[in-house]
Amino acid sequence: MERAHAASAAMASLQGQSVELSRIRRAAIVAAQDAGIRQDEIARSLGVTPGRVSQMKKAVSGEGHHAPTGPVEPRPRVLVERALPTPPTVRGSQSLYLTEAERQGLTPERKMLYVGQEPASDHVGAALRVEPGDAVIARRKMFWANDVPVRIATSFFRVDVAENTRLDGEGFVLQTLQAAIEEMGHQFSHATETLTARPPTPYESDLLDIAGEWIVQVLRVSVSTDDLPIHALETICAASRHTFPIGQVTGSDQF
């Protein structure tokens, strides 16, 4: 179990070696079960579901480093819409994702993974106009549709904007994140959304269960009327489980 914990922690922080780490974790889980530890006990210890432990155990062992042929278990095909730009009525709702998913007839679920300070990545630092590596406040959430993992969304804030406010607290911000920001005296001027397709990090691949697939990263940067970047929302979408309807600006109907 100590080896399985160490492998999981390493997969969340390293940008490579995922094949070997998956093999180590798989062997550790098998050894734990051979020693009499039940699957539900392993799941509780690793902070995952028993079904996820089963998937870890069945994962490709990595001998020969063959490319994966597909998911280890059949999953229902789920396509979740992520409209660009985000419609104002959706952006102003209690939850962008819950509103989108329910409109599409899907059963949504969300969970808060982390709230706290962490070093800014290059693109988040550029969005918030801080140096890469400087501390920013992160609020990271996980989303499912019909029990299938589809998204990881992280709200990033400058420390001088959000520290010791509701944006720095545990749990979901009610009624809405935007309302909480406006209560602090900030008024939104404009936002930009940038879509990037790339391979996932090991952490993203593991959470979304998308070995061998790519992700689509949507970075939405909201700027105040004082020209201060208030909110950078990074959404990591499992590419095969999303569509991205793109709306045209009203009155600009030239083709």
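The structure presented is a predicted model; accordingly, all values stated were derived computationally and were not measured. Residue positions are given per chain, counted from 1 along the sequence in the order it is written. pLDDT decides what is reported in this predicted model: residues at 70 or higher carry local features, side-chain atom pairs at 80 or more are listed and counted, and totals for whole chains, interfaces and linings draw on all residues regardless. Just so you know, side-chain values use all the structure's heavy atoms and leave hydrogens and water out.

Asks: Report on the overall build of the protein chain, specifying residues and quantitative values.
Replies: A helix here means a DSSP run of H or I that spans at least four residues, while a strand means a run of E at least two residues long, and both kinds are numbered starting from the N terminus. A tally of regular secondary structure across the protein chain gives 10 helices and eight strands. Any residue under 20% of the maximum accessible area for its type is buried, any over 50% is exposed, and the rest in between are partly exposed; the area is computed with a 1.4 Å probe on protein chains only. The buried share among the 255 residues of the protein chain stands at 42%. Across the protein chain, every contact between residues at least 6 apart in sequence was considered, and the portion connecting residues at least 24 apart equals 60%. All accessibility values rest on the Shrake-Rupley procedure with a 1.4 Å probe; residue burial counts only the protein chains present in the view. As presented, the protein chain carries roughly 13600 Å² of accessible surface, and 52% of it is formed by carbon and sulfur atoms. Contact between two residues is taken to exist if any of their heavy atoms lie within 4.5 Å; hydrogens are not considered.

Asks: Can you explain the pattern of salt bridges? Please cite residues and give values.
Replies: A pair is scored as a salt bridge if a Lys or Arg side-chain nitrogen falls within 4 Å of a carboxyl oxygen belonging to Asp or Glu. With the rule as written, the count across this model stands at 11 salt bridges. The shortest N-O distance in the salt bridge between Arg129 and Asp227 comes to 3.2 Å. Note that Arg129 is positioned in the loop between α7 (122-128) and β3 (135-145) and Asp227 in the loop between β6 (215-224) and β7 (229-238), a separation of 98 residues in sequence. The class of Arg129 is partly exposed, set by a relative accessible area of 46%.

Asks: Quick rundown of the side chain of Arg140? Include the residues and the values.
Replies: Note on placement: Arg140 falls in strand β3. Any pair of nitrogen or oxygen atoms within 3.5 Å is treated as a polar contact; in protein, a donor-acceptor pairing is required on top of that, and neighbouring residues in sequence qualify only through side-chain atoms on both sides. Within the structure, the side chain of Arg140 is placed 3.0 Å from the side chain of Thr154, a separation counted as a polar contact. Filtering out sequence-adjacent residues up to four positions away, Arg140 remains in contact with Lys111, Met112, Leu113, Tyr114, Glu118, Ile152, Ala153, Thr154, Phe156 and Tyr203.

Asks: Tell me about the sheet that holds β6, and name the residues and values.
Replies: The criterion for strand pairing is that DSSP finds at least two bridges linking the strands in question. If you walk across this open sheet you meet the six strands as β2-β3-β4-β7-β6-β5, and the pairing is antiparallel. Each having just a single partner strand, β2 (108-119) and β5 (188-198) make up the two edges of the open sheet. On average, adjacent strands in this sheet sit at an angle of 15 degrees to one another, irrespective of strand direction. In this sheet, β6 lies alongside β5 in antiparallel orientation, the contact comprising 10 bridges. Following the sheet pairing, Ala191 is matched in β6 by Ser222. Think of each axis as a best-fit line through the C-alpha atoms, taken over the contacting stretch in the case of a helix, with angles from 0 to 180 degrees between the N-to-C directions. Sitting on the sheet, helix α6 (residues 96-103) touches β2, β3 and β4 (148-158), and the angle it makes with β2 is about 155 degrees.

Asks: Which residues make up helix α3 (residues 39-46), and what are the values?
Replies: For α3, the complete set of buried residues consists of Ile42, Ala43 and Leu46. The arc that holds every buried residue of α3, seen down its axis, measures 100 degrees, which confines them to one face. Two residues or fewer past α3, Gly47 is found with a positive phi of approximately 75 degrees. To obtain the arc, one takes the directions from the helix axis to the C-beta atoms.

Asks: Describe the side chain of Gln217, and please don't skip the residues or the numbers.
Replies: By the element assignment, Gln217 lies in strand β6. Note on Gln217: relative accessible area 8%, which makes it buried. Dropping the residues within four chain positions of it, Gln217 is found in contact with His123, Thr194, Leu195, Thr196, Arg198, Glu234, Thr235 and Ile236.

Asks: Account for the pairing of β4, with residues named and values stated.
Replies: The side chains of a regular strand alternate between the sheet's two faces. The buried fraction of β4 amounts to 11 of the 11 residues, a majority that puts the element mostly inside the structure. Linking two consecutive strands that pair antiparallel, namely β3 and β4, is a turn of two residues; a positive phi of about 50 degrees is found at Asn146 within it. Summarising the sheet, β4 and β7 pair through six bridges and their orientation is antiparallel. Within the sheet, the bridge partner assigned to Ile152 lies in β7 and is Ile236.

Asks: So what about unusual backbone geometry? Which residues, and what values?
Replies: Backbone geometry places Asp147, a non-glycine residue, at a positive phi of 70 degrees. Relative to the helices and strands, Asp147 resides in the loop between β3 and β4. Phi at Asp209 is positive, roughly 55 degrees, even though this residue is not glycine.

Asks: For the confidence of the model for the protein chain, give the residues involved together with the corresponding values.
Replies: pLDDT is defined as a per-residue confidence score from the predictor, taking values between 0 and 100. Mean pLDDT for the protein chain: 80, with 78% of residues reaching 70 or above. Averaged over each element, pLDDT in the protein chain is lowest for helix α5 (residues 88-91) (56) and highest for α7 (93). This stretch, residues 60-70, has a pLDDT under 50; its non-local contacts, to residues over four places away or in other chains, come to eight contacts.

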